[in-house]
Amino acid sequence: MSKEIEKIEVLIIGSGPAGYSAAIYAARADLKPVVIQGLQPGGQLTTTTEVDNYPGYPDGVDGTKMMEDLKKQAERFGTETRWGMVTKVDFSSRPFNIEIDNSSDVLAETVIICTGASAKWLGIEDEKRLNGYGVSACATCDGFFYKGKDVVVVGGGDTAAEESTYLAKMCKNVTLLVRKDKMKASKAMQHRVFNTPNLNVLFNHETKSINGEAGPKGVESVTAVNNLPQEERVIPAAGFFVAIGHIPNTILFKDWLKMDENGYLIIEAGTAKTEIPGVFAAGDVADHVYRQAVTSAGTGCMAALDAERFLSEQND
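What you are looking at is a predicted structure, and each value in this text was computed from that prediction instead of being measured.

Caption draft 1: Here's a closer look at the sheet that holds strand β9 (residues 150-154). Pairing in this open sheet of 5 strands is parallel, and the strands run β8-β15-β9-β10-β11 from one edge to the other. A strand with exactly one partner marks an edge of an open sheet, and here the two such strands are β8 (135-136) and β11 (199-203). Bridge count for β9 against strand β15 (residues 239-242) is 4 bridges, and the pairing is parallel. Within the sheet, the bridge partner assigned to Val151 lies in β15 and is Gly239.

As structure tokens, then:
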């Protein structure tokens, strides 16, 4: 006798601010949501030591602590959070068949995708060693901590241009390392970069090492290599920002959902709806512009409300 497949009204894939906010709203609507936490429970914020720009935490909060708070709030209203990773989806018909950990299947009446995006890194050991101790991939998240200090930014596209000019407003000096002999950023963004007096662009430069200790002192300097001619220079810096873009975690949905050229899920403007009725997306997985915890939480709320209305319409 075959085992009956579990049925779930709202299945939330991912457990960052978007996922837990969606869970809070869905649980309060008595939809008994289930959150599959994924490879990184809590999302990108769990790699951040201090979150200072989320409303409600006047003294700041540790990223992991904040995610634990959101999880507890969601569970308080009846959310079930589960360890595991969604390994396959079938959106051909409702209820949707969802495979978890390559072994078990569930049937979901609605699915809210909150799998987020992952920052691209250079791949050097010092990034891992000093992550959270001066190394960051988000200027708007962490720039405030370097007010009046010197920082280094790596990248040559619009992201790097935007992050470096943002940091220049609060930092003493910003050095932008560009690997090639020109920037890929738009002309308008380049104009902003070259007209910012405390922002120095070093072309043909790559990062050799980030110097400092994983502790109170953190990053102290960056050793960069000039490819033309081949020579090294040590740049004093308290912060090191990698700004070479993000990769949305959407490969699981490539055969089912529309994406833009960079892999971000496309949703109906002003909603969290994908083109498949009953499938919604929230947070960084569908947002390449803002990528903030508070905006992710907001879209998580939207997705839950959209899911609630969708289910109500099905039952009418």
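Caption draft 2: Up close: the packing of helix α1 (residues 17-28) against helix α2 (residues 63-76). Packing of α1 against α2 leaves a shortest axis separation of 8 Å and a crossing angle of 20°. The orientation of α1 with respect to α2, classified from their angle, is roughly parallel. In this structure, the crossing between α1 and α2 has a hand that is left-handed. Contacts between α1 and α2 pair Pro17, Tyr20, Ala23, Ile24 and Ala27 from the former with Met67, Leu70, Lys71, Gln73 and Ala74 from the latter. For the contact of α1 with α2, the per-class residue count stands at 8 nonpolar, 1 polar and 1 charged.

Caption draft 3: Looking closely at the state of the cysteines. Counting across every chain of the model gives 1 disulfide. Note on cysteine connectivity: Cys138 is disulfide-linked to Cys141, with sulfurs 2.1 Å apart. Between Cys138 and Cys141, the S-S dihedral sits near 65°, and the bridge is therefore right-handed. Judged by its relative accessible area of 15%, Cys138 falls in the buried class. For Cys141, a relative accessible area of 24% gives the class partly exposed.

Caption draft 4: How the structure looks around the pattern of salt bridges. Taken as a whole, this structure holds 9 salt bridges when the rule is applied. A salt bridge links Lys65 to Asp69; the nearest nitrogen and oxygen atoms lie 3.0 Å apart. Pair noted here: Lys65 and Asp69 are both in helix α2, with a separation of 4 residues, about one helical turn. Using a relative accessible area of 45% as the deciding quantity, one classes Lys65 as partly exposed. Across the salt bridge formed by Arg129 and Asp126, the nearest N and O atoms sit 3.2 Å from each other. Residue Arg129 and its partner Asp126 are both found in helix α3 (residues 125-129); the two are separated by 3 residues, about one turn of the helix. One salt-bridge network, in which partners are shared between bridges, spans Glu6, Glu80 and Arg82.

Caption draft 5: The arrangement of the pairing of strand β14 (residues 230-236) in detail. Relative to β14, strand β13 (residues 218-227) runs antiparallel, the two sharing 7 bridges. Across the sheet, Val222 pairs through a bridge with Ile235, a residue of β14.

Caption draft 6: Inspection of the environment of Leu199 at higher detail. Within the secondary structure, Leu199 sits in strand β11. Remark: the alpha-carbon pair of Leu199 and Ala168, spanning 31 residues in sequence, is separated by 6.4 Å.

Caption draft 7: Quick look at a positive patch on the surface. There is a patch of like positive charges on the surface, built from Lys120, Arg179, Lys180, Lys182, Lys184 and Lys187. Tracing the backbone through its elements, the reader meets Lys182 in the loop between β10 (173-178) and α6 (187-194).

So, how was this worked out
- Residues numbered from 1 in each chain as written.
- Predicted model: local features only at pLDDT ≥ 70, side-chain atom pairs only at ≥ 80, totals over all residues.
- Heavy atoms only, no water.
- Pairing = 2+ DSSP bridges.
- Helix = DSSP H or I, 4+ residues; strand = E, 2+ residues; numbered from the N terminus.
- Axes fitted to C-alpha atoms, helices over the stretch in contact; angles between N-to-C directions.
- Parallel < 35°, antiparallel > 145°, perpendicular 65-115°, else oblique.
- Left-handed = near helix turned anticlockwise from the far one by under 90°.
- Contact = heavy atoms within 4.5 Å.
- Nonpolar A, V, L, I, M, F, W, Y, C, P; charged D, E, K, R; others polar.
- Disulfide = S-S within 2.5 Å.
- Buried < 20%, exposed > 50% of the residue type's maximum accessible area, 1.4 Å probe, protein only.
- Salt bridge = Lys/Arg side-chain N within 4 Å of Asp/Glu carboxyl O.
- Patch = residues over 30% accessible without salt bridge, like charges linked within 9 Å, V, L, I, M, F, W, Y side chains within 5 Å.
- Areas by Shrake-Rupley, 256 points an atom, 1.4 Å probe, with all protein chains shown as cover.
- Lys, Arg positive; Asp, Glu negative; His and termini not counted.
- Charge placed at Lys NZ, Arg CZ, Asp CG, Glu CD.

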